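# Coordinate analysis (summary)
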Amino acid sequence: MGATRTKPWGYRHGTRNKFSKKYKCKGMPGVSRYLPVFKRGDYVDIVVDASIQKGMPYGFYHGRTGVVFTVNRNAIGVEVTKVVGNRQLRKRLHVRLEHLRKSRCNEAFLKRVKENDQKKRDAKLQGEKINCKRVPEGPKPMKIVEANEDDVEVLAPLPFIENYF
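The paragraphs below set out a description of the structure included in this document. As the structure is a prediction and not an experimental result, all values here were calculated from the model.

Right, let's get into the overall build of the protein chain. When you go through the protein chain residue by residue, the secondary structure sums to one helix and five strands. Seen in sequence order, the protein chain has helices and strands lined up from the N terminus as β-β-β-β-β-α. Here the protein chain has a C-alpha radius of gyration of 30 Å; the compact-globule value for 165 residues is 15 Å, and the former is much larger. Seen through its C-alpha atoms, the protein chain measures out along the principal axes to roughly 85 × 80 × 40 Å. When each of the 165 residues of the protein chain is scored for burial, the buried share is 20%. Residue pairs at least 24 apart in sequence account for 54% of intrachain contacts in the protein chain once pairs closer than 6 positions are excluded. Accessible surface, the protein chain as shown: approximately 14900 Å² in total, 54% of it carbon and sulfur.

See the structure below:
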């Protein structure tokens, strides 16, 4: 009959924009991409670098955050959650470090832990207990609005007048 039909649903199908590099950022990555040290338990963002095809994760994981569970010679094991139907699966990927960035998702938490530890140390020296729990803001305090009688303008609808006979 003629030409054979192929299935155009490969590993990178539909990723023309997702995996493309930004303007003036094309080409191979610089040295600084290889310098960060990844350890077990670190939070990492998976951001695919299209110029390196080896160790590239599947397109679904682009932009996801995971936790490092192992560090190997050529790749880093990342554990990511994926919602499938009505459950969350823990997926374990091996991704090359060119496609990973250290995540800033828990920076605020770590900063708060440091501050709380310092507060606890200071309180211990003074011999008092301190509560480091975060408390929701709660409702705003009440206010009473007073106005002069001349400033008050009553808005009422105008009486209906029939204009035709």
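On we go.
With that settled, consider the sheet that holds strand E2 (residues 65-71). Reading across from one edge, E4-E3-E2-E1-E5 is the order of the five strands in this open sheet, with antiparallel pairing throughout. A strand with exactly one partner marks an edge of an open sheet, and here the two such strands are strand E4 (87-95) and strand E5 (100-102). Strand-to-strand twist in this sheet, taken as the mean axis angle between neighbours without regard to direction, amounts to 45°. Note: strand E1 (residues 43-46) against E2, three bridges, orientation antiparallel. Residue Tyr-43 lies in a different strand from E2, and its bridge partner there is Val-67.

Moving on: the pattern of salt bridges. Taken as a whole and judged by the stated rule, the model has eight salt bridges. Between Asp-49 and Lys-21 there is a salt bridge, with its nearest N and O atoms 3.0 Å apart. Separated by 28 residues along the polypeptide, Asp-49 in the loop between E1 and E2 and Lys-21 in the segment before E1 bring together distant segments of the chain. In this structure Asp-49 comes out as buried when scored by relative accessible area, which is 3%. The class of Lys-21 is partly exposed, set by a relative accessible area of 22%. Glu-79 is the salt-bridge partner of Arg-90, the closest N and O atoms lying 3.4 Å from each other. Placement of Arg-90 in strand E4 and of Glu-79 in strand E3 (residues 76-84) is noted, with a sequence separation of eleven residues between them. What emerges from the salt-bridge pattern is a single network uniting Lys-21, Arg-33 and Asp-49.

Of the two faces of E1, only one is covered, namely that formed by Val-44 and Ile-46; the face formed by Tyr-43 and Asp-45 stays uncovered. As judged from the three bridges shared by E1 and E5, these two strands associate in the antiparallel manner. Its bridge partner being in E5, Val-44 is matched across the sheet by Lys-102.

Together, Phe-109, Leu-110 and Val-113 give the surface a local cluster of nonpolar side chains, amounting to about 260 Å² of exposed area. Mapped onto the elements of the fold, Leu-110 is located in helix H1 (residues 107-126).

We now examine the packing of aromatic side chains. On inspection of all chains with the given rule, the structure shows two aromatic pairs. Each ring, one from Phe-60 and one from Tyr-61, has its centre 5.0 Å from the other, and the planes form 90°; the classification is edge-to-face. On the basis of relative accessible area, Phe-60 is assigned to the partly exposed category, the value being 26%. Take Tyr-61: its relative accessible area is 6%, and that puts it in the buried class. Note that Arg-64 overlies the ring of Phe-60, its terminal NZ or CZ placed 4.1 Å from the centroid.

Reading the values: the criteria
- Residues numbered from 1 in each chain as written.
- Predicted model: local features only at pLDDT ≥ 70, side-chain atom pairs only at ≥ 80, totals over all residues.
- Heavy atoms only, no water.
- Helix = DSSP H or I, 4+ residues; strand = E, 2+ residues; numbered from the N terminus.
- Rg over C-alpha atoms; globule rule 2.2 N^0.38 Å.
- Buried < 20%, exposed > 50% of the residue type's maximum accessible area, 1.4 Å probe, protein only.
- Contact = heavy atoms within 4.5 Å.
- Areas by Shrake-Rupley, 256 points an atom, 1.4 Å probe, with all protein chains shown as cover.
- Pairing = 2+ DSSP bridges.
- Axes fitted to C-alpha atoms, helices over the stretch in contact; angles between N-to-C directions.
- Salt bridge = Lys/Arg side-chain N within 4 Å of Asp/Glu carboxyl O.
- Patch = residues over 30% accessible without salt bridge, like charges linked within 9 Å, V, L, I, M, F, W, Y side chains within 5 Å.
- Phe/Tyr/Trp six-rings, centres within 6.5 Å; stacked < 30°, edge-to-face > 60°.
- Lys NZ or Arg CZ within 6 Å of the ring centre and 35° of its normal.

Function cannot be read off these values alone, since they describe shape.
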